[in-house]
Amino acid sequence: MDYLSLFVSFKLAVVTTSLLMILAAPLAYFLAYARFPGKSLLEAMLNLPLALPPTVLGFYLLVMMGPMGMGGRMWESLGGGPLLFTFTGIVVAALVYSMPFAIQPMKAAFEKIDRRLMENAYVLGLSRLKTFIRVIIPNSLNGIAAAAILVFLHSMGAFGVLLMVGGSIPGETKVASIAIYEAVETMKYTEAALMSLCFIPVSYGFLLLMNRLNRD
Amino acid sequence: MALQVVLKKKLEYIDIDVSFSCEADSLLVLIGPSGGGKSSIIRMMSGLDKPDAGSIVCNGKTWYDSESRIFLPPQKRRLGYVFQDYTLFPHLSLYENAAFAAVDKKEVDRLMEFFGIGHLREQRPHKVSGGERQRCAICQALAREPQLLLLDEPFSALDVITRRVLREELKHLKQKLSYPFVYVTHDIGEALFLADEILPVVDGKIDKGWMQRTITREPSAGLSPKATREPRLSLVY
């Protein structure tokens with residue numbers, strides 16, 4: 001069994017989930033409460049990865065993250081080195097790919113908070129940022145946890161996008177889903193079955209947890 | 001005057017246009033029918049809503065002045081605001097709620113004892129009664145050591161007996177504090193019991209005759225027209 005690719009998948013899911021929770025929380029807050037022209041355009045753009053075929057998204061990311069692409073050049077000018085076919089590159093791809101799964105549950109949780117709680121925090125002297133940290137986040141923990149679970153599972157199972165951007169470099173960009181695909185291609189069905197089996201308890205356990213969170 | 005207010009705002013159904021002032025030791029009641037603009041007035045006083053024009057001066061400090069374009073956000077107005085209900089933070093205990101913006105934590109214990117909720121300090125808001133929640137909300141507002149206390153129908157969601165007890169506690173408390181209270185209600189009995197000054201607000205304007213008309217028309221309020229002429233009642237404009 002290809003433990004290394006399982007490890008890369010797990011590492012990718014942990015890094016993506018951690019980064020996305022920090023990046024998506026202010027975006028979700030902004031989308032939940034701000035009113036501005038073009039809000040629905042921005043929201044639809046952030047949700048585009050939900051609707052696009054992963055290979056199409058992967059193709060555009062490949063172009064943008066390449067040495068001639070805007071993202072790739074920006075990253076290199078910051079001293080980040082190449083993005084394509086690196087672990088950093090698949091993290092960026094997974095961030096974009098899983099963004100809607102982080103934003104939607106968090107936004108829904110933020111919108112559910114009674115506005116009077118926020119107003120009470122303001123009259124008690126809290127700034128918007130402190131209200132976000134001390135009132136909104138603690139009262140949206142279920143939504144944030146649901147977002148984290150969805151992002152983690154989605155990143156663990158990503159295939160097309162990662163293959164386009166990262167290829168299949170063992171220990172770097174070869175994740176478990178790619179290893180399973182390659183095992184099937186080379187007729188190693190037992191290995192593919194064992195690796196696939198690893199996903200079942202993880203996914204099932206997290207979904208049970210999410211059901212419980214939704215009930216609370 | 002500790003508080004001077006001039007407010008104008010165009011709302012969807014009414015235009016608010018009021019002007020009033022209040023002494024430091026006064027409890028001013030804004031009374032009037034629902035939808036008359038009472039809550040909008042105290043929301044503007046708190047800074048949660050912005051008036052179209054006017055001014056608000058509290059203890060000599062300008063909180064709002066449309067001419068000089070001063071508008072302090074709620075965070076910078078040192079005030080307490082007690083809402084109708086459901087504004088305690090559900091993830092915090094009653095003590096943590098009361099101490100949320102406290103200047104002096106020791107004062108929080110004293111306030112909780114005064115309001116008879118000292119024994120509930122570790123309870124979450126949803127585990128206690130509506131009356132206890134509102135007592136805690138008053139503690140939370142007072143612990144900030146405000147220069148003005150705004151109360152927006154704070155007891156309207158409570159049963160009659162609890163409401164009566166809380167009114168008495170509030171009146172007792174007011175005697176100990178030397179900053180103005182502005183209290184919104186549509187209950188004439190409550191207004192007459194609590195108020196040092198009464199300001200009837202109807203359709204966004206001050207309507208001097210509203211109380212008299214309402215009491216005369218609705219004897220079920222349990223008050224004779226004579227009650228409105230009691231010395232405690234002094235209309236302010």
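Because the structure is a prediction, the values reported are computed rather than measured.

### Brief notes about the overall build of chain B
At step 1: Along the backbone of chain B there are seven helices and 11 strands.
At step 2: Taking 2.2 N^0.38 as the reference for a compact globule, 237 residues should give roughly 18 Å; the C-alpha atoms of chain B span a radius of gyration of 18 Å, in line with that estimate.
At step 3: Dimensions of chain B along its principal axes, counting C-alpha atoms only, are 45 × 45 × 30 Å.
At step 4: When burial is assessed residue by residue, chain B has 43% of its 237 residues classed as buried.
At step 5: Pairs at least 24 apart in sequence give 70% of the contacts found in chain B among residues at least 6 apart.

### Quick notes on the overall build of chain A
At step 1: When helices and strands are tallied, chain A shows 11 helices and zero strands.
At step 2: With respect to the three principal axes, the spread of C-alpha positions in chain A is 65 × 45 × 30 Å.
At step 3: When burial is assessed residue by residue, chain A has 40% of its 216 residues classed as buried.
At step 4: Partitioning the intrachain contacts of chain A with sequence separation of at least 6 by distance along the chain shows that 77% fall at a separation of at least 24.

### Some thoughts on the interface of chain A and chain B
At step 1: Listed per partner, the contact involves 14 residues of chain A and 15 residues of chain B.
At step 2: Looking at the side of chain A that touches chain B element by element, the count peaks at six residues for helix α6 (residues 115–123) of chain A.
At step 3: Taken together, the residues of the side of chain A that touches chain B sort by class into seven nonpolar, four polar and three charged.

### Focus: unusual backbone geometry
At step 1: A positive phi angle, near 65 degrees, is found at Met187 of chain A, a position not held by glycine.
At step 2: Secondary-structure assignment places Met187 of chain A in the loop between α10 (176–185) and α11 (189–215).
At step 3: The phi dihedral of Asn59 of chain B is positive, around 50 degrees, even though this residue is not glycine.
At step 4: As for its position among the elements, Asn59 of chain B is in the loop between β4 (53–58) and β5 (61–65).
At step 5: The class of Asn59 of chain B is partly exposed, set by 14 C-beta atoms lying within 10 Å.

### Some words on the pairing of strand β1 (residues 3–10) of chain B
Working note: regular strand, side chains alternate between the two faces of the sheet.
All names here are of chain B.
At step 1: In β1, alternate side chains face the same way, and those of Leu3, Val5, Leu7 and Lys9 are buried while those of Gln4, Val6, Lys8 and Lys10 on the opposite face are not.
At step 2: In terms of strand pairing, β1 meets β4 through six bridges, oriented antiparallel. Counterpart to Lys8 in the pairing with β4 is Ala53.

### Here we look at the environment of Met99 of chain A
All names here are of chain A.
At step 1: Relative to the assigned elements, Met99 resides in helix α5 (residues 87–112).
At step 2: Residues Met99 and Ala147, spaced 48 residues apart in sequence, show a C-alpha to C-alpha distance of 9.7 Å.
At step 3: When residues no more than four places from it in sequence are discounted, the contact partners of Met99 are Leu20, Ala24, Leu46 and Pro49.

### Comments concerning the confidence of the model for chain B
All names here are of chain B.
At step 1: Averaged over chain B, the pLDDT score is 88; the fraction of residues at 70 or greater is 91%.
At step 2: Overall, residues 221–237 carries pLDDT values under 50, and its contacts beyond four positions in sequence, including any with other chains, amount to 30 contacts.
At step 3: With a pTM of 0.83, the predicted complex shows an ipTM of 0.87.

### Brief notes about the pairing of strand β8 (residues 148–152) of chain B
Residues and elements named next belong to chain B.
At step 1: β8 sits mainly inside the fold: five of its five residues count as buried.
At step 2: Here β8 shows no split at all, with Leu148, Leu150 and Asp152 on one side and Leu149 and Leu151 on the other all buried.
At step 3: Pairing between strand β7 (residues 79–82) and β8: four bridges, direction parallel. Within the sheet, the bridge partner assigned to Gly80 lies in β8 and is Leu149.
At step 4: Here four bridges tie β8 to strand β9 (residues 181–185), and the two strands are oriented parallel to one another. Paired with Leu151 across the strands is Tyr183, a residue of β9.
At step 5: The β-α-β motif built from β8, the intervening helix α5 (residues 160–176) and the parallel element β9 has right-handed crossover chirality.

### Digging into helix α2 (residues 39–51) of chain A
Given 3.6 residues to a turn, an α-helix orients residues that are three or four positions apart in the same direction.
At step 1: In this model, α2 of chain A (13 residues) spans 18 Å end to end at C-alpha, consistent with the 18 Å of a helix rising 1.5 Å per residue.
At step 2: Maximal helix bending in α2 of chain A amounts to about 35 degrees, located at Met45 of chain A; proline Pro49 of chain A follows within four positions.

### As for the packing of helix α1 (residues 3–33) of chain A against α5 of chain A
The description of two packed helices rests on the angle between their axes and on the distance between the axes.
Residues and elements named next belong to chain A.
At step 1: For the pair α1 and α5, the least separation of the axes is 7 Å and the interaxial angle reads 45 degrees. It follows that α1 is oblique to α5 by the angle criterion. In the crossing of α1 with α5, the sense of the turn from one axis to the other is right-handed.
At step 2: In terms of residue class, the contact of α1 with α5 is made up of 21 nonpolar, two polar and two charged.

### With respect to the environment of Asn139 of chain A
At step 1: Relative to the elements of secondary structure, Asn139 of chain A occurs in the loop between α7 (128–136) and α8 (141–157).
At step 2: On a C-alpha basis, the gap between Asn139 of chain A and Ile103 of chain A in space is 16 Å, while along the polypeptide they are 36 residues apart.
At step 3: Beyond its immediate sequence surroundings of up to four residues, Asn139 of chain A is in contact with Ile113 of chain A together with Pro90 and His91 of chain B.

### Brief notes about the environment of Gly58 of chain A
At step 1: Looking at the secondary structure, you find Gly58 of chain A in helix α3 (residues 54–65).
At step 2: For the pair formed by Gly58 of chain A and Leu162 of chain A, sequence separation is 104 residues and the distance between their alpha carbons is 7.0 Å.

### Topic: the packing of α10 of chain A against α11 of chain A
All names here are of chain A.
At step 1: As a packed pair, α10 and α11 sit with axes 8 Å apart at the nearest point and diverge in direction by 155 degrees. As the angle between them shows, α10 and α11 are arranged roughly antiparallel. When the axes of α10 and α11 are compared, the crossing they make is left-handed. Judged by residue contacts, Ala176, Ala179, Ile180, Ala183 and Val184 of α10 engage Tyr189, Glu191, Ala192, Met195 and Ser196 from α11.
At step 2: Across the contact of α10 with α11, the residue classes break down as eight nonpolar, one polar and one charged.

Cut-off values and rules
Residues numbered from 1 in each chain as written. Chains lettered and ligands numbered in written order. Predicted model: local features only at pLDDT ≥ 70, side-chain atom pairs only at ≥ 80, totals over all residues. Helix = DSSP H or I, 4+ residues; strand = E, 2+ residues; numbered from the N terminus. Rg over C-alpha atoms; globule rule 2.2 N^0.38 Å. Buried ≥ 20, exposed ≤ 12 C-beta atoms within 10 Å, placed from the backbone. Contact = placed C-beta atoms within 7 Å. Nonpolar A, V, L, I, M, F, W, Y, C, P; charged D, E, K, R; others polar. Pairing = 2+ DSSP bridges. pLDDT = per-residue confidence, 0-100. Right-handed = clockwise from strand over helix to strand, strands pointing away. Expected span 1.5 Å × (residues − 1). Bend = angle between axes of the 7 residues up to and from the residue. Axes fitted to C-alpha atoms, helices over the stretch in contact; angles between N-to-C directions. Parallel < 35°, antiparallel > 145°, perpendicular 65-115°, else oblique. Left-handed = near helix turned anticlockwise from the far one by under 90°.

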